[in-house]
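So you can see what is in the structure, the chains are spelled out below.
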Amino acid sequence: MNDTQWPRFEVFKQDTPGKPHQAVGSVHAPDLEMALLMARDVFVRRPRCHSLWVTPADAIFSITQEELEAQPAWLTAPPAAAPAATETYLVFRKTSQRRAMTFVEHVGEVVAASPQAAVQQALTQFATAPTWVWWVVPAGAVAQSDAEDSASWFEPADDKTYRHQSAYGFVSPRRQRRGPADPAS
Amino acid sequence: MTTEAEQLAHFEARIARGEKIEPGDWMPAEYRRQLIRMISQHAHSEVVGMLPEGQWITSAPSLRRKMVLIAKVQDEAGHGQYLYHAAETLGATREEMLEALLTGKAKYSSVFNYPTLTWADVAMIGWLVDGAAIKNQTMLAHASYGPYSRAMVRICAEETFHHKQGKEMIVHYATQGTSAQRAMAQDALNRWWWPSLMMFGPHDSASSNSEVLIRWGIKTKTNDELRQEFVDEMAEEFRAINLVIPDPALRYDAATGHWVHGPIDWDEFWRVVRGHGPCNAERLAARRQAHEDGLWVRQAMAGYAAQRVATAD
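Residues numbered from 1 in each chain as written. Chains lettered and ligands numbered in written order. Predicted model: local features only at pLDDT ≥ 70, side-chain atom pairs only at ≥ 80, totals over all residues. Heavy atoms only, no water.

Attention now goes to the overall build of chain A. Helices and strands together make up the secondary structure of chain A, namely seven helices and eight strands. The buried share of chain A, reckoned over its 185 residues, is 46%. Contacts spanning at least 24 positions in sequence make up 64% of the contacts within chain A whose residues lie at least 6 apart. (Helix = DSSP H or I, 4+ residues; strand = E, 2+ residues; numbered from the N terminus. Buried < 20%, exposed > 50% of the residue type's maximum accessible area, 1.4 Å probe, protein only. Contact = heavy atoms within 4.5 Å.)

Next comes the structure, spelled out in structure tokens:
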């Protein structure tokens, strides 16, 4: 091995306790633990964040509405003859076409024998909104930030007000001429 | 059986309805190719863009300015990550994109191949270069490809502070600064004005990709349209603080309501794009050095992770 950029992990961020975890992008890391730390550095330079989840990109089963329409038989296909043991899957979906900085968001869990079966179940269980993209992830493949780390991981971003354009006020030439001189400049 | 023509019609209808194309959805090979080209170049620009400003972190004039600059450079690193992610959703790998950058095969914004000679350059980059970038990125936030659009929305939300801190400094130096500070601001404008205009890319007549990018909703405005918006805005701003844009031909055209700029030196633009700008070699050498210096860290961490998996079994 001459070089590596490490495997890819998808990152889910929960802004506040009442909100769902939302897919914000990915990081590359050697393992789940480092992926969480990388996710903090890349996606929490500014508030708010309450909790982070990461999962290896290849643990995600993803299917779009267009893919489902292209293969309708897939939806009604009976489960595999000898179903393996079931496990819990986290279900994420994209329900809006509005411009946004987040992608799919967490909607709940299903227990299923395969990712395909998990999507089939999600289609019935979460049929509450038109959905453009589904992601299902085995719960065991997801690492979560520790609530005990929350203060040290996420709160420092609160104090860095200079990361926001509002910290610079309304900059106009006229205002500057009237305003006090800034001795720090 | 769906023919390619039917798939294309369906794809274009989705874009016309304002739907986002997502990974997994059908897309023309040319759409994928154009996006990988644009997004990876954009990612490289964020990464290389750290270098000209990063040089000034240790020489910032106050602790506050230093914290602001560190935060800004850190943001650019993050923006590179967001964009590499978007390109990866199209099948490009991180390894091949970095390889292309480090071997000089990949392009990035030509503006980062100019040197930062004074502190005012840091301020002028914030106002002019980030200002030009935001014009482009605000448009790209509407892009039809979901992952690119989302990266742009996130970047725009963060980048407004880059623009504002630069503007605050230049306006301050020009209106309340000492004569030396004022001269420094003017000198920075003299050197950064034309490279900033070139950031919008070749004239529409020479831009081979524009038509297809607009047809498929990746871009919604042409290079010249964006450049004109920028010139109109900046001409007024600099006039208000009595800094002189280094373009003797610049004039306001009452008939169209636009500022008309003089000819852009496209020979210089292509020279810099092709690797012969003032700092191309220096920027690439700095990236290569950083990559080589980080190799043992990447390997050690991968080794540690592998070992933990082995002991856990």
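Don't stop here, the text continues.
As a further point, take empty space enclosed by the protein. All names here are of chain B. As enumerated under the stated definition, the model contains one cavity of 30 Å³ or more in all. Considered as a void within the structure, the largest cavity measures approximately 30 Å³ in volume. Arg65, Val68, Leu69, Trp119, Val122, Gln165 and Met169 together form the lining of the largest cavity. Tallying contributions element by element places helix H4 (residues 63-88) first for the lining of the largest cavity, with three residues. For the lining of the largest cavity, a count of residues per class yields five nonpolar, one polar and one charged. (1 Å grid on protein atoms, 1.4 Å probe; cavity = no way out; pocket = protein on both sides within 12 Å on 5 of 7 lines; lining within 4 Å. Points joined across faces, edges and corners; volume = space filled by probe spheres on them. Nonpolar A, V, L, I, M, F, W, Y, C, P; charged D, E, K, R; others polar.)

Moving on: the interface of chain A and chain B. Counting from both sides, the interface comprises 50 residues of chain A and, opposite them, 58 residues of chain B. Here chain A and chain B share an interface that buries about 5,000 Å² over both sides, 54% of which is from carbon and sulfur atoms. The interface formed by chain A and chain B holds nine salt bridges in total. Residue Arg45 of chain A is joined to Asp75 of chain B by a salt bridge in which the shortest nitrogen-to-oxygen separation is 2.7 Å. Inspection of the region where chain A meets chain B yields 25 residue pairs in polar contact (both at pLDDT 80 or more). Those elements that provide at least two residues to the side of chain A that touches chain B are strand E1 (8-14), strand E2 (22-28), helix H1 (32-43), helix H2 (65-70) and helix H7 (173-178) of chain A. (Buried area = accessible area lost by both parts, 1.4 Å probe. Salt bridge = Lys/Arg side-chain N within 4 Å of Asp/Glu carboxyl O. Polar contact = N/O pair within 3.5 Å; in protein donor to acceptor, adjacent residues only side chain to side chain.)

A separate point is helix H10 (residues 223-240) of chain B. Residue pairs spaced three or four apart in an α-helix point in one direction, given the helix's 3.6 residues per turn. Residues and elements named next belong to chain B. With 18 residues, H10 should reach 26 Å at 1.5 Å per residue; the first-to-last C-alpha distance of 26 Å fits that figure. Taken together, the buried positions of H10 are Asn223, Leu226, Arg227, Phe230, Val231, Asp232, Met234, Ala235, Glu237 and Phe238. Buried residues along H10 sit in contact with helix H6 (119-140), helix H7 (146-176), helix H8 (179-198), helix H9 (210-215), strand E2 (258-260) and helix H11 (266-276). With its phi angle positive at about 55 degrees, Asn242 sits one or two positions after the end of H10. (Expected span 1.5 Å × (residues − 1).)

Roughly 1,000 Å³ of internal volume is contained in the largest pocket. Lining the largest pocket are 42 residues; nearest its centre among them are Gln41, Asn136, Met199, Phe200 and Gly201 of chain B. Of all the elements in the fold, those that place two or more residues in the lining of the largest pocket are helix H2 (29-48), H4, H6, H7, H9, H10 and H11 of chain B. Here the lining of the largest pocket gets eight residues from one element, more than from any other, and that element is H6 of chain B. Here the lining of the largest pocket is composed, by residue class, of 19 nonpolar, 14 polar and nine charged. Estimates place the volume of the second largest pocket at around 820 Å³. What lines the second largest pocket is a set of 23 residues, and nearest its centre among them are Gln5 of chain A together with Ala77, Gln81, Arg94 and Arg287 of chain B. Listed by contribution, the elements that provide at least two residues to the lining of the second largest pocket are E2 and H1 of chain A together with H4, helix H5 (94-102) and helix H12 (280-312) of chain B. With six residues, H12 of chain B is the largest single contributor of residues to the lining of the second largest pocket. Across the lining of the second largest pocket, the residue classes break down as eleven nonpolar, seven polar and five charged.

As for its position among the elements, Lys135 of chain B is in helix H6. Aside from chain neighbours lying at most four places away, what touches Lys135 of chain B is Phe200, Leu226, Glu229, Phe230 and Glu233 of chain B.

In terms of nonpolar packing, the biggest core is built from 102 residues, with Tyr31, Leu128, Tyr148, Trp192, Trp193 and Phe238 of chain B touching the most fellow members. At twelve residues, the largest contribution of residues to this core is made by H6 of chain B. Excluding residues within four positions of it along the chain, Trp193 of chain B makes contact with Leu128, Phe230, Val231, Met234, Phe238, Ile245, Pro246 and Asp247 of chain B. In terms of nonpolar packing, the next biggest core, distinct from the first, is built from 15 residues, Leu68, Ala112, Val119 and Phe126 of chain A among them. (Core = buried A, V, L, I, M, F, W, Y, C linked by side-chain atoms within 4.5 Å.)

Attention now moves to the packing of aromatic side chains. All told, the structure shown has 20 aromatic pairs over all chains when counted by the stated rule. Arranged with centres 5.5 Å apart and planes meeting at 90 degrees, the rings of Phe103 of chain A and Trp135 of chain A form a pair that is edge-to-face. Of this pair, Phe103 of chain A sits in the loop between strand E5 (87-94) and strand E6 (105-112) while Trp135 of chain A sits in strand E7 (residues 133-138), placing them 32 residues apart in sequence. Take Phe103 of chain A: its relative accessible area is 13%, and that puts it in the buried class. Members of the aromatic cluster, joined through ring pairs, are Phe12, Trp53, Phe92, Phe103 and Trp135 of chain A. When the ring centre of Tyr82 of chain B is taken as reference, the NZ or CZ atom of Arg154 of chain B above it lies at 6.0 Å. (Phe/Tyr/Trp six-rings, centres within 6.5 Å; stacked < 30°, edge-to-face > 60°. Lys NZ or Arg CZ within 6 Å of the ring centre and 35° of its normal.)

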